[in-house]
Structure formats: C-alpha cells, structure tokens
Amino acid sequence: MTPTLPRTVRAVDTAQLLDLAQEAAMHGFSQRLPVDWLREHLAAEATHYLFPTLVQRLTHRPEVPLQWRCQQLLTVSTGEQIWGLLDVLPDTFDKIPETLDTASKKDIVNRIEQAVKVREWMERTAADAGS
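Residues numbered from 1 in each chain as written. Predicted model: local features only at pLDDT ≥ 70, side-chain atom pairs only at ≥ 80, totals over all residues. Heavy atoms only, no water.

**A short note on the pairing of strand E3 (residues 67–75)**
- By the criterion of burial, E3 is predominantly enclosed, with nine of the nine residues buried.
- Residues Gln67, Arg69, Gln71, Leu73 and Thr75 point to one face of E3 and Trp68, Cys70, Gln72 and Leu74 to the other, with burial holding for every one of them.
- For strand E2 (residues 47–56) and E3, the ladder comprises seven bridges, and the chain directions are antiparallel. Bridged to Gln56 within E3 is Gln67.
- Sheet topology places E3 next to strand E4 (residues 81–88); eight bridges connect them, and they run antiparallel. Residue pairing across strands places Leu74 opposite Ile82, the latter belonging to E4.
- Linking E3 to E4, which pair antiparallel, is a turn of five residues; within it Gly79 sits at a positive phi near 95°. (Buried < 20%, exposed > 50% of the residue type's maximum accessible area, 1.4 Å probe, protein only. Helix = DSSP H or I, 4+ residues; strand = E, 2+ residues; numbered from the N terminus. Pairing = 2+ DSSP bridges.)

Below you can see the structure in the form of structure tokens.
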C-alpha cells in the first residue's frame, strides 16, 4: 500500500536541506541538486520549504525505496527564492516538524508557483557574470 502524500509544507534550514540532499544522493534519487552546488549557492541562514506533490516509485529499479517528490522553494545567496525538486523518503519527511500555519503554507505554495526555476536562475547568473 502506498503511503498517503501529505498536503503540507515543511520548513527546513540550510543544514537540514543539505542533509536531505545527501540522503537523496545516497539513495540515487533522480530529483536532487548536488550537495556541493547547494552548499555554494544557498543562503547559509535561510529557511527553505518543501511541498510534496508526487509519490515516486521506480518500478524499473525495485531496490530504490518509494519517495515523495517535493517542490522546493530555496533561498539563494542573492536573497532570491528559486524553485527546484527534491525526492525525499516519506519517513524522513515525516520527521521534519510541522511549524507553519495554514496561511503561511498557502503563501509558500503561491511563491513556489511564481518562482524562477533553478536552471533559469543558473543561466541568468552565468550570463550576468559573463557580461
């Protein structure tokens, strides 16, 4: 039986997000940013947000555990918030404390929908650095 996808948003600090990305890398999850990239670009003291949107089961790779594909709202060192994806184990997600009220969660989901994607942000910052 597939666990029920939670309809919530969880807040994590940069250290927690790096741990989640490391766990995703350890399991070979496909949706994750490299830990070194995150360490280089995330604002060190920022809060980031995870919003589960899909139950991901890799039937062609049965050794890979079921995961929740989360949209993430990341705050980078420029202060901007950008959109990415991160696959997280359900038990790991459940251990993240519920700290946000309903209005905050709705606001974060709206900001996720408006945010620039990681790839677009990277292309823009590379172009800015080159000019």
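Picking up where we left off.
**Some thoughts on the sheet that holds strand E1 (residues 10–13)**
- With mixed pairing, five strands are arranged side by side in an open sheet as E1-E2-E3-E4-E5. Of all the strands in the sheet, the pair left with one neighbour each is E1 and strand E5 (116–117).
- In this sheet, E5 lies alongside E4 in parallel orientation, the contact comprising two bridges. Directly across from Ile82, in E5, lies its bridge partner Val116.
- Relative to the sheet, helix H1 (residues 14–27) contacts E1, E2, E3 and E4, its axis offset from that of E1 by approximately 100°. (Contact = heavy atoms within 4.5 Å. Axes fitted to C-alpha atoms, helices over the stretch in contact; angles between N-to-C directions.)

**Things to note about the confidence of the model for the chain**
- When pLDDT is averaged along the chain, the result is 92; 98% of the residues meet or exceed 70.
- Element-level mean pLDDT values for the chain span from 86 in helix H5 (residues 118–130) up to 98 in E1. (pLDDT = per-residue confidence, 0-100.)

**A short note on H1**
- For H1, with 14 residues, the first-to-last C-alpha span of 20 Å sits near the 20 Å given by 1.5 Å per residue.
- Along H1, the residues classified as buried are Thr14, Leu17, Leu18, Leu20, Ala21 and Ala24. End-on view of H1: buried residues confined to an arc of 160°, all on one side of the axis. Counted as exposed and oriented over 90 degrees from the buried face of H1: Asp19 and Met26. (Expected span 1.5 Å × (residues − 1). Arc of directions from axis to C-beta.)

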